[in-house]
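# Reading the structure
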Amino acid sequence: MTLDVVKTKIGDINITQIIELEIGETIQHFISQATPEEIKKIKWLDYPYINEDGTLNGVSQAFIIEKNDRLIVVDTCIGNDKKRIDFPHWNELHLDFLSTLEENSIDRYKVTDVLCTHLHLDHVGWNTMKTSEGWLPTFPNAKYHFGHKEYEFWTSEEGIGSIGEGQEEAVKDSVLPILDAGLVNFLDENADLGDGIKVISTPGHTPGHNSIIFETGAEDFIITGDCIHHPCQFANLHWSMKADNNAEVGVKTRREFADKFSNEKYIVAGTHFSVPSIGNLIKKGENFEFHPIDKE
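Residues numbered from 1 in each chain as written. Predicted model: local features only at pLDDT ≥ 70, side-chain atom pairs only at ≥ 80, totals over all residues. Heavy atoms only, no water.

### Brief notes about the sheet that holds strand 10 (residues 197-201)
Condition: For two strands to be treated as a pair, DSSP must find at least two bridges joining them. Per the convention used, a helix needs a DSSP run of H or I reaching at least four residues, while a strand needs a run of E reaching at least two, with both numbered from the N terminus. Angles here are taken between N-to-C directions and fall from 0 to 180 degrees, while the axes themselves are lines fitted to C-alpha atoms, restricted in helices to the stretch in contact. By the convention used here, residues are in contact when the closest approach between their heavy atoms is within 4.5 Å.
Here six strands make up an open sheet; going across it, the order is 10-11-12-13-14-15 and the pairing mixed. The open sheet has two free edges, formed respectively by strand 10 and strand 15 (287-292), since each of these has just one partner strand. Put simply, the sheet's adjacent strands are angled 35° from each other on average, direction ignored. Bridge count for strand 10 against strand 11 (residues 210-214) is five bridges, and the pairing is antiparallel. Its bridge partner lying in strand 11, isoleucine 197 is registered against phenylalanine 214. Sheet strands touched by helix 8 (residues 247-261): strand 10, strand 11, strand 12 (220-223), strand 13 (266-269), strand 14 (278-284) and strand 15. Its angle to strand 14, the strand with the most contacts, is close to 100°.

### Description of the sheet that holds strand 9 (residues 184-187)
Sheet architecture is open: seven strands sit in the order 1-2-3-4-5-8-9, paired in mixed fashion. Looking at the sheet topology across the chains shown, the edges are occupied by strand 1 (4-10) and strand 9. Neighbouring strand axes in the sheet, compared pairwise and without regard to direction, differ in orientation by 20° on average. Pairing between strand 1 and strand 2 (residues 13-22): seven bridges, direction antiparallel. Residue pairing across strands places threonine 8 opposite isoleucine 15, the latter belonging to strand 2.

### Structural notes on helix 8
The condition that has to hold: One less than the residue count of a helix, multiplied by 1.5 Å, gives the span that helix is expected to have. The cut-offs for exposure are 20% and 50% of the maximum accessible area for each residue type, with area from a 1.4 Å probe on protein chains only; residues under the lower value are buried, those over the upper are exposed, and the others partly exposed. This arc is built from the directions going out from the helix axis to the C-beta atoms.
Counted at 1.5 Å a residue, the expected span for helix 8 with its 15 residues is 21 Å, and the 21 Å between its end C-alpha atoms agrees. For helix 8, the full list of buried residues reads Gly250, Thr253, Arg254, Phe257, Ala258 and Phe261. Relative to the axis of helix 8, the buried residues are bounded by an arc of 125° and lie together on one face. Exposed residues lying more than 90 degrees from the buried face of helix 8 are Glu248 and Lys252.

### Description of the confidence of the model for the protein chain
Keep this limit in mind: As a per-residue quantity, pLDDT reports the predictor's confidence and falls between 0 and 100.
Of the residues in the protein chain, 99% have a pLDDT of 70 or more, and the chain-wide mean is 96. Mean pLDDT in the protein chain bottoms out at helix 5 (residues 157-160), which sits at 87, and peaks at strand 5 (residues 113-115), which reaches 99.

### Quick word on the nonpolar core
Cut-off, in case you're wondering: The nonpolar core is taken to be a set of buried Ala, Val, Leu, Ile, Met, Phe, Trp, Tyr and Cys residues, with the residues joined through side-chain atoms within 4.5 Å.
Counting residues in hydrophobic clusters, the biggest one holds 67 residues, and the most contacted among them are Ile39, Phe234 and Phe261. Here the element with the most residues in this core is helix 6 (residues 165-180); it accounts for four residues. Residues Ile72, Val74, Leu115 and Val199 belong to the second largest nonpolar core, which totals 20 residues.

### A closer look at the packing of aromatic side chains
The test is simple: Pairing of aromatic side chains requires ring centres within 6.5 Å, counting the rings of Phe and Tyr and the six-membered ring of Trp. Pairs whose planes differ by under 30 degrees are stacked, by over 60 edge-to-face, and all others tilted. Our definition puts a charge over a ring when NZ of Lys or CZ of Arg is within 6 Å of the ring centre and also within 35 degrees of the ring normal.
In this structure the tally under the stated criterion is 13 aromatic pairs. Look at phenylalanine 63 and phenylalanine 221: their rings are 6.4 Å apart centre to centre, the planes differ by 65°, and that puts the pair in the edge-to-face class. Of this pair, phenylalanine 63 sits in strand 3 (residues 59-67) while phenylalanine 221 sits in strand 12; the two residues are 158 residues apart in sequence, bridging distant segments of the chain. We classify phenylalanine 221 as buried; its relative accessible area is 0%. An aromatic cluster is defined as three or more aromatic residues linked by ring pairs; in this entry it consists of Tyr49, Phe234, Phe273 and Phe290. Stacked on the ring of tryptophan 135, the Lys or Arg lysine 82 has its end atom at 4.7 Å from the ring centre.

Have a look at this one:
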């Protein structure tokens, strides 16, 4: 069964969201401050981002952007056949991601760029696919853009030992094979990739975390990555993820991100936000609200 797909157009870009998996329980576990009692205090927050009982919803998804002559995949989800023993719901998945691409006329051989906001296991999985020859690039003609600081951290002893077996496996099966294939472009902070595609440094969740800006000729479109995981964090910028590498830096990043992009010329897409994942940030006192929009 093919996966859910959402299509959106903003200015000169076409956006296709491939929804891989519902992961609300995982997000709930990692944002310990987001208890149902606290969530119910956020009056603007409603389904599909939360359930009636105040528990959280969220997704693993990839954003595929068509801009000029480029076909760009931003974050590649969890992936199939990956050993993720410490995340049982993500272990050795068999999902119809590739057939979903085909049914939506997205040719993996024509993808020009893969942008990983960071190198956590749920953002790099479809970098590669399992074949009789081992783990090979899913998008063999693309340039894969990894943050240099991010790569250095996750291939260091400090990085590998910081988060669990699944992340160590992800580096082996979804990151290093791309390097071996000669497809990696290492990004400096705040890199400009041309065609109005820019990378901005948003550290905290990981040391080299990036968010992505697409200038569209209309509103600029920003993909958060994991500098924020759930809309509830806009109402409580101090709520951190247990998996944040540096919680204090993460809070500072969220504040700066929200301050900058709570402007009508920006449209924000939350990588783990349930659909509709795309909306505007509205400043309310010291905190913010996320208002979804329909751009189809």
